[in-house]
Amino acid sequence: MTSFLKPENALKRAEELITVGQKQDALQTLHDLITSKRYRAWQKTLERIMFKYVELCVDMRKGRFAKDGLIQYRIICQQVNVSSLEEVIKHFMHLSTEKAEQARSQAQALEEALDVDDLEADKRPEDLMLSYVSGEKGKDRSDRELVTPWFKFLWETYRTVLEILRNNSKLEALYAMTAHRAFQFCKQYKRTTEFRRLCEIIRNHLANLNKYRDQRDRPDLSAPESLQLYLDTRFEQLKIATELELWQEAFRSVEDIHGLMCLVKKTPKSSLMVVYYAKLTEIFWISSSYLYHAYAWFRLFLLQKSFNKNLSQKDLQLIASSVVLAALSVPPHNRTHGASHLELEHEKERNLRMANLIGFNLETKPESREVLSRSSLLAELASKGVMSCVTQEVKDIYHLLEHEFLPSDLALKVLPLLNKIAKLGGKLSTASSVPEVQLSQYVPALEKLATLRLLQQVSNVYQTMKIETLSGMIPFFDFSVVEKISVDAVKQKFVSMKVDHMENVVIFSKMSLESDGLGDHLANFAEQLNKARQMIYPPDRKPSKIGALLPTLTEVVAKEHKRLLARKSIIEKRKEEQERHLLEMEREEESKRLRLQKITEEAEQRRLATEYEQRKNQRILREIEERENEEAQALLQEAEKRIKKKGKKPIIEGDKMTKQTLMELTLTEQLRERQEMEKKLQKLVKTMDYLERAKREEAAPLIEAAYQQRLVEERILHEREQQQDVEQSKKQHEGDLKEKARLIRMMGNKEIYQERVVSLRQAEFSRLRREREERISRILQSRKQEREKMRKLKFYLKLEDERQQKVREEEEARKREEAERRKKDEAERLAKLAEIAEKQRQRERELEEKERLRREALLSGSRPSEPPLKPSEPPARSLEPGSAAPAAAAAAAAAAPASGKYVPKFRQTGAETTGAPPPETDRWSNSSSRPDGDRWRSDNRRTAFGSGGGSRSSSTWSSSRTRDR
């Protein structure tokens, strides 16, 4: 690699090599200079070197060399003079485009030259052999040899420039211009593959821009100018994609625009949004997404109506008609019926993407999945007033297809309307951003919709129908097409019908017969068999343990609930503590990172500032030195030229004299020349003064004579024009008099006609006024009757409310009295029960006391001569003559249930004679609710049970006494 002391020497060397035809060596020389680390400071010479460098790269089609050189030059002038880089890149693209156009024009000229005039002339043998071997025509071969290499180089140029400018905030406009020129290149030459690659390149650039936000000199999308440039580029990309019919790429471009809008949280201008929705309508129509196509039209209509004030009524009517027809073109049945789970998920994801592009935010909840639908769209069109803007034909067809029930002649009434709609449309005015609207594209979809509506209505009326009759009712399609449409409708559960070609009939059935249950009839059959088996052989039911668990269930549930609440609070406290701890750790780490980053950035900024100041000072000193040298050389050359012109011998030696000496000599020479020039000018001024004075003295009489002659000519012309005006006025006056004499004869007829017209209008006015007064009187009378009716109705409603309020108050008073009465009865009953219980306890105490006394008497041996008792017989006591043993036994038996102890027979007999004791309160049931008869029976049972217990106690006592004896 040759080293040069100055960049100018390298440029001279490259020009010498180009002169002798060694362009490759010249390019390598300039490339070595540009990539050398010795020349990192920008200067004007480097710009000239870059211009020559890119010219060589274009001439030799060296795209790789051009890219390396531009990258190095960007590093050199990024912080100093970025406009120089812009000029070099513009020159590079201009040369590439010019070369490509020259190659194309050369190929066209070659093709025209090959068109011979003599058709009988034989072709040359070499041309015939070449055409047979290659199989190409002359144009294809010339394009491959001449045009294709330059087109490849031009495409590589665009890619190189975009790659160099992708993260440069100072050259955003040049980046956008390059992208637009690349789009126009793809459009002009139909380069679809290159267009896809270009879109992907721009998309990757934006993704990297968002990914590496902390880079220096990166574009800021939050700035309005940057955002507008990026949006303009994306909209241009969308337009070219639709013009090239690359619909998938157009859809991705729409997603790019939507992502850019979501990224910066700003909505573009309304003119751009109109283009956005207009292109969306085309994309959705091509992709057969008719629902979203209609929603895009609806958004476009709202935008045009709201923001485009210069839109004519005719254009607005065409756009509104397109919205309604697009909504009607949406199939009335759901296409996802019967789809698999995976297909439903894919369709749901696709619908969410489409809805977001249109501007609707759908949630993923099941209840919100049907926000965008055909019915909701038609309802919204009616609510927004779109139906009032459409043409009459569109209104009629909407009413027929959505609201009328005409199973016999629906298609026949729709056909003439479709023929009229097919003729509507055309180009819109320049005020509208939508270039053209064609309503004929919706005719096939409307014909299909009319066919579906007719089949649906016919299925509700008829059970069977001849195929010929059905074909005659649908004039749009042959029966084969109708059969395909009906198959799709049956598949989507929109209509239920069958076609019997053997009988040549169509069979309609109810939708309920075609239920979803028939699709899985084997599973339903198995479930029914299982139910029948369970009815015939019911399973053994185990005894329930709920009854044993019920008493403690409430306590267990309460304890478990308290335990769970305590555990939940502990878990929440632990989570809060953990989150607080993690948050503090993250905050500390973030603060440490920010401090370290701040220190690093400050050090880097100080280093960069120091380096920048050093480079700036060096550059300023170098520029000052170069400027002084250039000025000295210029002064030296001027001095030498002046001395040579005057015929003097040059006495200046440029290499031995300084700038100061040269400037002194130059100033002395300039002063002397200025003095000589002033003397010449004074002499010239005096000469010109004499000449001008003599010339004016000679011209004065001539000017006066010309002036007098001009006055005479103008006076004659004025008199002639005045005479002509007088004659013209006389002629006009005579004509007006004749016209007045002619019209005065009609004055009577005019007055008669005027009176008749005035009288007729007066009569009409009187009649209209009477009708208006009668109408007003009728309206007043009807309003008066209505007010009277409303007054009566309000009075009746008021009375009814008062009556109901009174009934409610009486019912509440009655309920309060009933509750007080029940409470009082309950208190009395409880008092009686307490009294009875007290008496019972008193009686038991008396019996126990008597028994104790009796036992003490027996144990003391007061009656030794008494015979021993039988085991089965209780002891008897003769306290008084004629004692009634049965009565005592009955009394003892009656007291036995209460005490559970031994009772003598005389006590039992006494109880029978004196009467039964008061009944014992049932401690296991509510005694107040038991009838008296039941209470008496339970008391008898207790009495019997007590008697048995008393007998057993008596026998036990007798046996123990016998053992003692």
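Residues numbered from 1 in each chain as written. Predicted model: local features only at pLDDT ≥ 70, side-chain atom pairs only at ≥ 80, totals over all residues. Heavy atoms only, no water.

Colleague: Which residues make up the overall build of the protein, and what are the values?
Modeller: Tallying secondary structure elements over the protein gives 28 helices and five strands in all. In the protein, buried positions account for 29% of the 965 residues. Expressed as a percentage of contacts within the protein between residues at least 6 apart in sequence, the contacts between residues at least 24 apart total 67%. When the accessible surface of the protein is totalled, it reaches about 66100 Å², and 54% of it is carbon and sulfur. (Helix = DSSP H or I, 4+ residues; strand = E, 2+ residues; numbered from the N terminus. Buried < 20%, exposed > 50% of the residue type's maximum accessible area, 1.4 Å probe, protein only. Contact = heavy atoms within 4.5 Å. Areas by Shrake-Rupley, 256 points an atom, 1.4 Å probe, with all protein chains shown as cover.)

Colleague: Could you give me a rundown of helix α2 (residues 23–35), with the residues and numbers involved?
Modeller: Across its 13 residues, α2 extends 18 Å between first and last C-alpha, which sits within 8% of the 18 Å expected from 1.5 Å per residue. If you check which residues of α2 are buried, you get A26, L27, T29, L30, H31, D32, L33 and I34. Looking at the packing, one finds that the buried side of α2 touches α1 (7–19), α3 (44–60) and α4 (63–77). (Expected span 1.5 Å × (residues − 1).)

Colleague: Let's hear about the nonpolar core: which residues, and what values?
Modeller: Counting 163 residues, the largest nonpolar core has Y276 and I397 as the members making the most contacts within it. Here Y276 is in contact with F235, V254, I257, H258, M261 and L357, once residues within four sequence places are set aside. (Core = buried A, V, L, I, M, F, W, Y, C linked by side-chain atoms within 4.5 Å.)

Colleague: Before we move on, can you summarise the side chain of T391 with the specific residues and values?
Modeller: Mapped onto the fold, T391 is located in the loop between α16 (374–384) and α17 (392–402). Those residues in contact with T391, other than ones at most four positions away along the chain, are Q317, S321 and L424.

Colleague: Outline the sheet that holds strand β4 (residues 497–500), listing residues and values.
Modeller: The three strands are arranged β3-β5-β4 in an open sheet whose pairing can be described as antiparallel. The sheet is open, and its two borders are formed by β3 (464–466) and β4, each paired with just one other strand. Direction aside, neighbouring strands of the sheet carry axes that sit 20° apart on average. Pairing of β4 with strand β5 (residues 505–508) involves four bridges; the strand directions are antiparallel. The partner of M497 across the bridge, within β5, is F508. (Pairing = 2+ DSSP bridges. Axes fitted to C-alpha atoms, helices over the stretch in contact; angles between N-to-C directions.)

Colleague: Residue-level account of the pattern of salt bridges, with values.
Modeller: Counting across every chain of the model gives 42 salt bridges. For K44, the salt bridge is made with E47, and the minimal N-O distance between the two is 3.2 Å. Here the residue K44 and the residue E47 both occupy positions in helix α3, the gap between them amounting to three residues, near one helical turn. It is possible to trace a salt-bridge network through shared partners that takes in E200, R203, E249, R252 and D256. (Salt bridge = Lys/Arg side-chain N within 4 Å of Asp/Glu carboxyl O.)

Colleague: Tell me about the packing of aromatic side chains, and name the residues and values.
Modeller: Enumeration over the complete set of coordinates arrives at 13 aromatic pairs. With centroids separated by 5.8 Å and ring planes inclined at 90°, the aromatic side chains of F151 and F185 adopt a geometry described as edge-to-face. With a gap of 34 residues between them, F151 in helix α7 (residues 138–165) and F185 in helix α8 (residues 172–188) connect regions that are remote in the sequence. Accessibility assignment for this pair places F151 and F185 in one class, buried. Look at Y276 and Y277: their rings are 5.2 Å apart centre to centre, the planes differ by 75°, and that puts the pair in the edge-to-face class. (Phe/Tyr/Trp six-rings, centres within 6.5 Å; stacked < 30°, edge-to-face > 60°.)

Colleague: Can you lay out the confidence of the model for the protein for me, pointing to particular residues and giving the numbers?
Modeller: Here the protein averages 77 in pLDDT, and 76% of its residues register 70 or above. Predicted confidence for residues 132–139 stays below pLDDT 50, and this span has six contacts to residues more than four positions away or in other chains. Ignoring residues within four places in sequence, the model shows residues 649–656, a span with pLDDT below 50, making nine contacts including any to other chains. (pLDDT = per-residue confidence, 0-100.)

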